[in-house]
Amino acid sequence: MKYTTLIILFLSISLHTFGQDCGSQLMQIVVHIQTDDFGGETAWQLIDKNGTSYGGADFGSLGNNELYQDTFCIPRSACATFYIQDSYSDGIFDPGYFLVWQDGELVVDNPPLTGEWVTDLNCPAGATCRTALSISEGKFTAPEDNTWYEYQPSAPGAYRVSTCFNSNNCDTKIWIYGSCLAFAPEDNTGTTLYDDNGGSCGDLAVVQGSFDPGRIYYIRIGDSNEDCNNAPIQWRIEYLGPISGCTDPDACNYDPLASIDDGSCIPQGTPECPEGPDLVLNQQEFETTIRLDVIDSYDDCLIQEGCLRGYGLRDILRFSTRIDNIGEQDYYAGRPENNPAQFTYDNCHQHYHYDGYAEYLLYDENGTELQIGFKNGFCVIDLYCDTGVEKYSCDNMGITAGCSDIYWSDLECQWIDITEVPDGRYVFVNRVNWLNLPDALGRVEKDTSNNWAQVCLIIDRSSGQLSVELDEECDPFVDCAGVVYGNSQPDCKGECGGAALSGDVNNNGMQELDDVERYVTRLLGNDMLISSCNDLNADLKLTVYDAALLNNCLLYGRLHQHVDGGAHDHCNFPDGVLSLESATLSILDYDLNNQYIDIGILNTASGVVAFDFQMEGLQLQGVETLVDEELFPVDLSYSLAGHVIGLSYQDSSLEKTATPQPLCRLYYSQITANEVCIADFIDAVDDNYAQLNTFIGGDCLMTTSTGLEPSQRLQVQIQPNPFTEATYFRFNNEAGEAFRLQVTDLKGRRLYLSPETRGNEIRFERAELAAGLYLYQLQSSSKIRTGKLIIQ
């Protein structure tokens with residue numbers, strides 16, 4: 001139920017109270033957002049087509065169950081877009097809602113919100129893809145920069161879109177999309193075809209490719225760096241006719257785009273058959289475009305795609321990748337739906353990656369590969385042509401013989417993440433189709449020796465600032481088997497080309513459920529030595545997270561098939577990432593007669609698939625779940641010493657809540673200390689298989705003559721956390737005890753120890769510490785509190 005009628009009645013009265021009178025010269029936009037229990041999941045903005053932002057809210061900035069009312073007076077000439085997102089894709093729960101008025105008229109009435117909702121306000125025809133002008137073939141005049149058109153071809157074949165007219169004397173660009181985007185960037189992200197000075201018209205733009213009949217294409221005509229100054233741009237779309245060529249799939253020169261046979265087919269095995277494609281990684285483009293950059297990212301998609309190894313400020317190395325086809329035949333990648341074995345579907349950004357196309361690797365001086373992020377081609381397309389004629393697009397992918405594809409350095413994911421890479425000398429490799437896999441037509445490259453480009457990097461932080469230099473003395477990479485540009489790597493046991501599998505705890509050569517169960521058993525018994533084969537997230541610790549990562553591998557595998565085709569690898573170890581979200585454990589209740597203690601969990605931003613914690617002050621004799629097992633079928637295990645592990649072996653998670661929810665009931669046989677506490681919340685795993693930040697809240701239980709009663713735990717507030725420059729530890733210290741703060745890294749190395757204080761506040765400054773996760777310990781002679789500290 002949306003309560004729309006009551007809401008509108010209330011707001012129609014209230015508008016006169018809090019609304020701002022914009023006058024006749026300005027347009028009034030009123031935005032009302034009533035958040036639910038998860039206000040931080042909602043973000044919105046009001047922005048015009050030129051990028052001017054009038055207002056909005058970032059993720060995490062809105063409170064829970066609060067009403068936000070904003071009135072904006074914007075120029076009547078402005079074309080504005082209201083854009084709202086839900087990070088969890090489950091919408092704003094009742095009685096929450098969002099409404100938008102334009103000059104007193106309700107234009108957005110709480111529509112269903114999953115991932116996003118977009119509404120254009122006061123936008124003329126052609127201003128956005130949602131108001132695109134419908135056209136057929138012919139010549140047109142775009143009245144201003146970023147004018148949109150909607151085109152539906154009636155016949156298959158080749159089409160050309162061009163701004164190559166003498167009347168255009170500025171730097172133009174053409175974008176063609178297969179779908180309408182909420183916001184379209186200036187680069188070629190999301191395009192089907194694109195040109196900015198890459199065609200045959202100099203600063204003017206031209207694209208050519210194969211279009212599918214019946215499909216709607218969105219054509220955007222604009223300029224580069226405001227060069228046209230909003231002057232009209234002449235352009236044309238023309239049908240070049242059906243593509244002719246060899247239509248016999250059994251011929252060696254078969255053209256998959258051809259619909260008319262031109263009689264040129266050549267039987268397989270004859271001397272006239274052209275040689276195969278030959279992809280070349282352009283060394284100059286790679287080497288000359290490398291540059292150091294920093295981004296501040298909280299995008300889950302970049303984590304899931306392997307582009308980043310963590311959230312917040314990240315040090316990245318940008319570069320361009322240009323792939324030339326200098327062979328005699330096209331390299332044909334095809335359509336994802338027709339060739340799913342070579343495509344991976346990315347469920348986050350909802351597009352396909354062409355596997356094995358481009359990959360970015362970093363090797364240390366021993367030739368061991370580091371996990372730094374990688375890139376698979378999301379689109380294989382003709383962007384430049386020297387001798388060929390471009391014809392492939394993101395709908396039907398490939399590189400024509402004599403043409404090139406390029407990923408510019410400014411594109412998303414066109415980088416490697418070196419944030420945690422230690423100082424030293426490395427070989428940075430950019431390679432394409434390194435396994436010489438056949439294309440969609442079964443053609444293999446005639447030469448793979450030119451599929452690699454590389455540079456040698458020197459990473460240095462000794463000055464206090466990160467620097468990256470290219471080492472001119474850079475011999476070709478040699479793998480552990482001694483092969484130049486070889487693919488052999490040590491397995492997790494260090495054997496070159498070995499068959500040892502990460503997570504194979506029982507050493508039977510397979511990754512299986514028994515291995516996950518052995519993880520849990522041996523964690524409880526504290527008898528598993530850390531090794532590169534069982535430390536699946538490479539953090540030098542063994543927790544339920546390692547077991548969960550292996551279980552995720554078993555659930556989805558190396559070739560996880562998605563609904564729309566394509567596959568995704570969930571078994572690429574080391575894996576895992578630290579989430580920005582958190583979970584907090586606390587003691588909710590206890591029963592002296594039946595000798596049990598109830599544990600609750602607060603997870604406000606994400607579901608939980610696994611947890612791992614340690615109790616102190618009691619001896620356990622049983623554990624049971626307090627969650628509906630149909631909703632969260634969790635396997636619980638424990639040790640007598642109070643170690644508890646919960647892991648769902650199925651594809652399910654404990655739903656997020658705004659308040660602590662019951663998690664499990666601990667039955668004890670005896671109390672062994674003066675206090676019963678949650679000693680350590682060792683680990684928790686969210687429903688994206690990221691590692692949550694863990695905290696302990698609530699009170700301990702103190703042993704008395706009558707049994708147990710709440711005993712105040714040392715309460716610590718860290719504000720802010722995460723932080724960039726400094727943060728404050730505030731804690732209860734009525735007795736004036738002497739406290740000291742210690743900060744360590746994840747390996748336990750002490751980085752900071754404060755002087756003693758008898759107050760209740762300690763300021764901690766970042767100083768030279770890098771961004772990342774740290775551990776703190778706040779301690780007096782009688783009290784101690786530990787936890788995690790995040791520096792951005």
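Residues numbered from 1 in each chain as written. Predicted model: local features only at pLDDT ≥ 70, side-chain atom pairs only at ≥ 80, totals over all residues. Heavy atoms only, no water.

**Quick look at the sheet that holds strand β15 (residues 206-211)**
Then, number 1: Spatially, four strands are ordered β10-β17-β12-β15 in an open sheet, and the strand pairing comes out antiparallel. This sheet does not close on itself; its edge strands, each paired only once, are β10 (138-142) and β15. Each adjacent strand pair in this sheet contributes to an overall mean axis angle of 20°, direction not counted.
Then, number 2: Sheet analysis places β10 next to strand β17 (residues 233-241), joined by five bridges and oriented antiparallel. Opposite Ala142, over in β17, you have Ile233 as the bridge partner. (Pairing = 2+ DSSP bridges. Helix = DSSP H or I, 4+ residues; strand = E, 2+ residues; numbered from the N terminus. Axes fitted to C-alpha atoms, helices over the stretch in contact; angles between N-to-C directions.)

**Considerations on the environment of Ala767**
Then, number 1: One can find Ala767 in the loop between β53 (761-765) and β54 (772-779).
Then, number 2: Residue class for Ala767 comes out exposed when judged on its relative accessible area of 63%.
Then, number 3: A sequence separation of 43 residues divides Ala767 from Thr724, and the C-alpha atoms of the two residues are 9.9 Å apart. (Buried < 20%, exposed > 50% of the residue type's maximum accessible area, 1.4 Å probe, protein only.)

**A look at the confidence of the model for the protein**
Then, number 1: Per-residue pLDDT for the protein has a mean of 88; in total, 92% of the residues score no lower than 70.
Then, number 2: The lowest-confidence element of the protein is helix α1 (residues 4-18), averaging 37 in pLDDT; the highest-confidence one is strand β43 (residues 643-647), averaging 98.
Then, number 3: The low-confidence segment residues 1-18, where pLDDT is below 50, has 22 contacts with residues more than four positions distant or belonging to other chains.
Then, number 4: Below a pLDDT of 50 lies the segment residues 560-567, which in the model reaches 23 contacts outside its immediate sequence neighbourhood of four places, other chains included. (pLDDT = per-residue confidence, 0-100. Contact = heavy atoms within 4.5 Å.)

**Details of the state of the cysteines**
Here, the word disulfide means a covalent bond between the sulfur atoms of two cysteines.
Then, number 1: Taken as a whole and assessed by the stated rule, the structure comprises 14 disulfides.
Then, number 2: Paired by a disulfide, Cys170 and Cys228 hold their sulfur atoms 1.9 Å apart. Here the disulfide of Cys170 and Cys228 is right-handed, its torsion about the S-S bond being about 90°. Of the two residues, Cys170 sits in the loop between β12 (157-162) and β13 (172-177) while Cys228 sits in the loop between β16 (217-223) and β17, which places them 58 residues apart along the sequence. Take Cys170 and Cys228: they sit in the same class, and that class is buried.
Then, number 3: Here Cys480 pairs with Cys496 through a disulfide, and the sulfurs are 2.0 Å apart. Disulfide Cys480-Cys496: torsion about the S-S bond near 80°, hence right-handed. Taken together, the residues span a long stretch of sequence, with Cys480 in the loop between β35 (467-471) and α4 (513-525) and Cys496 in the loop between β35 and α4 at a distance of 16 residues.
Then, number 4: The class of Cys496 is partly exposed, set by a relative accessible area of 33%. (Disulfide = S-S within 2.5 Å.)

**A short note on the pairing of strand β3 (residues 53-57)**
Then, number 1: Relative to β3, strand β2 (residues 42-48) runs antiparallel, the two sharing four bridges. Looking across to β3, one finds that Ile47 is bridged to Ser53.
Then, number 2: What sits between the antiparallel neighbours β2 and β3 is a turn of four residues, in which Gly51 has the positive phi angle 95°.

**Side note on the packing of α4 against helix α5 (residues 544-556)**
To characterise two packed helices, one gives the angle between the axes of the helices and the distance between these axes.
Then, number 1: Where α4 meets α5, the axes come as close as 9 Å, and the angle between the chain directions of the two elements is 170°. Relative to α5, the element α4 is oriented roughly antiparallel. For the pair formed by α4 and α5, the contact residues are Leu513, Asp515, Val516, Tyr519 and Leu523 on the first element and Val544, Asp546, Ala547, Leu550, Asn551 and Leu554 on the second.
Then, number 2: Looking at the contact of α4 with α5, its residues break down into eight nonpolar, one polar and two charged. (Parallel < 35°, antiparallel > 145°, perpendicular 65-115°, else oblique. Nonpolar A, V, L, I, M, F, W, Y, C, P; charged D, E, K, R; others polar.)

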